[in-house]
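Close look at the chain arrangement
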Amino acid sequence: MEKVKLKNGVDLYYNKSDKFKTWSAGIYIYRPLCDKEASNNALLAKVLQSATKEYPSRKEMARKLETLYGAFLIAGARKYADTHMLVINIKAVSDRFLPKEISADVLGFVKKVLLLPYVTDGAFDEKTVELEKENLKKQIEAYINDKTSYADKRCTEIMCEGDNYAADVNGSIEEIEKITPQSLYRHYVDLLENSKIDIFLSGEANFELAKEMFSDVKSKDDVPETEAFKGNADIKEVIEKMDVTQGKLVMGFTLPKCSNEDRCTAMVFNAVFGGSAVSKLFNNVREKLSLAYYANSVLYFSKGIMTARSGIEPDKFSQVKEEILKQLDDIKNSNITDNEMENAISHLVNIYSSLEDSPETTVSLLSGWIVEGEKRMPEQIVKDIKKVTKEQVVDFAKGVKLDTVYFLTANEKEEAAV
Amino acid sequence: MNTIKFDKLDETLYSYEHPTGVKVYMVSKPGFAKFSASFSTHFGSIDNTFVPIGESEMITVPDGVAHFLEHKVFEQEDGGNVFEMFGRLGASANAYTSFNMTNYYFWATDNYEENLKTLINFVQAPYFTKENVAKEQGIIGQEIGMYDDDPNWRCYFNMLQGLYSEHPVRLDIAGTVDSISKITDETLYKCYNTFYHPSNMYICVVGDFEPEKIAAVIDKALKPLEKEKEIPRSYPEEPQGAVTHKVLQKLPVSMPIFSIGFKDSKPAGKSAPRRAAVNVALQMLFGASSQCANELYDEKITNGYIGCDYTAEEPEYAFVEISGESENPEEAGKRILETAKKAEFTDEELEAAKNALYGASMLVFEDSERYMQNLSKSVTSGQDMFAMFDAYMNVTREDIEKICNEIFSDENYCISIVKNS
């Protein structure tokens, strides 16, 4: 991975490779996370993707991308620790597989999406903003359609109430409603003036041209800082009911205070506990006890949070909750077999070694590490994962504490009439 | 070993048939860190009536048996856990069942040969008992419960039931709690011995390797069995046209969702030119640059863009699905049906759509796992994924007009809607 700091402060990364048939350019803008920022960035991404000065409608944008041999443009928001990112990414087929060269045109197009949007008199197009506000609100309302991720989101909201981290990646309906074409434009100007901006190129990209082309983008030096979640004084337990057949249990835990040095230990701990198909949750809660269709865990390292999730029969709530805690206690009591340690480590080594085949996943991972001040590259992380010991995992687990229990379950059924 | 070079794409495909009848396909990708392999059988949810191996009469098995079998193939006689075996070798493994196939696969960055042996060995070592079948009925029951709560899944299968009255493509892949309760260890062995015979199976490998070395590993791991003749299968005759033109289900959703189906009156799943022509038509009429999709979006009839897809794997069925979210799904359906029947487009739109699909199809080659999945799906269905590139470039106005006539009509149309009470 090559990295140059452009004169304007933008870090331009180049992950060069000729084994692919496509290349991509990703623009990452880092902002401090809060509900208002998230709402504005999520909407701005949609508006920027909808029109530029040159192609002032979604239809014209789409036609332009078709003529660039199906180049794929996506603008969106991402939540990572206490940072909210606005990301614009374009992916296109490499020139050598096409009847004509398009790479300069593609780079120029993505730059215009960022710098030359469809703006008149200090405001974005009113119709576009209204339509995209509507779409974004509906997208938020639609969370309920996917009960698994809805339960995850509810658990985070309940657990982190009062912390900016409770904000959703797409913000909230209340904040979105406040946005006007003028206020969104002011936000856009502020974003370009006062944010850290990185650009990532992958595949066979035109690095020299990109250096020149992006030299008029401004960038600040620092990414927003993250503060680990402090935890609630008492364990919170919330049960909500809905018309569902399967219950969704999500348990939120706080992690011990840690720095980047503990990253690999935390990853191995999570892979042993519930972060893989060789984990304790998968093997015991799902396979041996047949209690659930899925049972796993996810780590939000720098925020100091882990969640364990499981889809279960509504009447198995207490039993599964206890079983998940028992699996955690087993780790705390050093009850980890050599097999479990080795499997967890090979699982992670496999994932991180394979990253070189997935340039976009690598970029998305690196942008997170930039937020966390992690300087290591995936190759080094693989080496460090292999060094993690069982004792380190046990020590880490001892600092993991249950904080919040959330259960989305079925409405009580009325007895069937005989 | 056969070698086919696709110069324009800079891809090379190696293939051979093993004496047992297994067909092997390999793509060597220098520089790829990921090695992916699949072992698939041409046996899916639609294969419910067939002549079992060594018998002479057709039998019918319970719905959902292919998916049930997929779960049970992971069961090992020594109680060993297949995921753990792969996990120990640093691989991630999984499987899925579709209408016409069951696929077992893994990807890894190390221990290629050991992992490949593990894949072939576990799929070739069935172990079904009364007890382990009963246990699985519980787990799959939970899985079916999850699908029952999934509005998109329900909407899709309701649409299929609106299109098809007889063909088993209309059935849920996992079956029902009732149908799977009728599955026994004996049913499983009968299906296994018939459809998991090497003559009905395919191995696909994508990664950085020497084809000869991988072929040697495969040849050594495969069980020695005599090659068998093709399995006689029977599908009920499906009448022309949709069964009904509207299906409605009530489930908790934030906004109504719809799936519009068009039954293809001349399914020809194996023909690359036909699939290319349908995809180009869908891109022009309903893609992000289309008049129809943008009007629905701008007039707030749909929430965002509509999605479209053409399913065509086997000779007996093929259908177009157009889906989206809408406060007024009936109006969306009306507009989509009108646009489809008119099928108007300019030469400029045709060129743009062909270029876009040509480029988008290149993405398949970017990742060894995705490549393996596509290769495996196409060879198991008797298709040629490499033929699609020329097919896209060769699509003509006449091709599009012909297929639009055969697919987009009032008779072939059904809209499935899921909404709150």
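Calculation criteria
- Residues numbered from 1 in each chain as written.
- Chains lettered and ligands numbered in written order.
- Predicted model: local features only at pLDDT ≥ 70, side-chain atom pairs only at ≥ 80, totals over all residues.
- Heavy atoms only, no water.
- Domains from an automatic or database assignment.
- Contact = heavy atoms within 4.5 Å.
- Buried area = accessible area lost by both parts, 1.4 Å probe.
- Salt bridge = Lys/Arg side-chain N within 4 Å of Asp/Glu carboxyl O.
- Polar contact = N/O pair within 3.5 Å; in protein donor to acceptor, adjacent residues only side chain to side chain.
- Helix = DSSP H or I, 4+ residues; strand = E, 2+ residues; numbered from the N terminus.
- Nonpolar A, V, L, I, M, F, W, Y, C, P; charged D, E, K, R; others polar.
- Axes fitted to C-alpha atoms, helices over the stretch in contact; angles between N-to-C directions.
- Parallel < 35°, antiparallel > 145°, perpendicular 65-115°, else oblique.
- Buried < 20%, exposed > 50% of the residue type's maximum accessible area, 1.4 Å probe, protein only.

Okay, the domain arrangement of chain A next. Residues and elements named next belong to chain A. The domain boundaries assigned to chain A delineate domain 1 (2–216) and domain 2 (236–410). With centres defined by C-alpha atoms, the gap from domain 1 to domain 2 works out at 30 Å. At the interface, 32 residues of domain 1 touch 35 residues of domain 2. Counting the surface lost from both domain 1 and domain 2, the interface buries some 2900 Å², and carbon and sulfur atoms represent 65% of this. Counting across the domain 1 and domain 2 interface gives eight salt bridges. In this structure, Asp152 and Arg309 form a salt bridge, with 2.3 Å as the shortest nitrogen-oxygen distance. Connecting domain 1 to domain 2 are 14 residue pairs in polar contact (both at pLDDT 80 or more). Residue assignment for the side of domain 1 that touches domain 2 shows that the elements contributing at least two residues are strand E2 (11–16), strand E3 (22–32), strand E4 (72–80), strand E5 (83–93), helix H5 (147–159) and strand E8 (196–203). Looking at the side of domain 1 that touches domain 2 element by element, the count peaks at nine residues for H5.

On the side of chain A, 56 residues touch chain B, which itself brings 61 residues to the contact. Counting every contact that joins chain B to chain A gives five salt bridges. Between A:Arg63 and B:Glu348 there is a salt bridge, with the nearest N and O atoms lying 3.8 Å from each other. Applying the counting criterion to the chain B and chain A interface returns 26 residue pairs in polar contact (both at pLDDT 80 or more). When residues of the side of chain B that touches chain A are traced back to their parent elements, those giving at least two are helix H2 (82–88), strand E8 (102–108), helix H4 (130–148), helix H10 (291–298) and helix H12 (347–361) of chain B. At nine residues, the largest contribution of residues to the side of chain B that touches chain A is made by H12(B). Classifying every residue of the side of chain B that touches chain A gives 26 nonpolar, 18 polar and 17 charged.

Residues and elements named next belong to chain A. Packing of helix H1 (residues 35–50) against helix H7 (residues 181–193) leaves a shortest axis separation of 10 Å and a crossing angle of 95°. Overall, the two elements H1 and H7 adopt an arrangement that is roughly perpendicular. In this structure, H1 uses Glu37, Asn40, Asn41, Leu43, Leu44, Val47 and Leu48 to contact H7, whose residues at the interface are Leu184, His187, Tyr188 and Leu191. For the contact of H1 with H7, the class distribution of residues is seven nonpolar, three polar and one charged.

Residues and elements named next belong to chain B. For helix H1 (residues 65–73), the tally of buried residues reaches nine of nine residues, placing the bulk of the element in the interior. Buried within H1 we find Val65, Ala66, His67, Phe68, Leu69, Glu70, His71, Lys72 and Val73. Contact partners of the buried residues in H1: strand E7 (92–97), E8, helix H3 (112–123), H4, helix H6 (177–180) and helix H7 (185–195).

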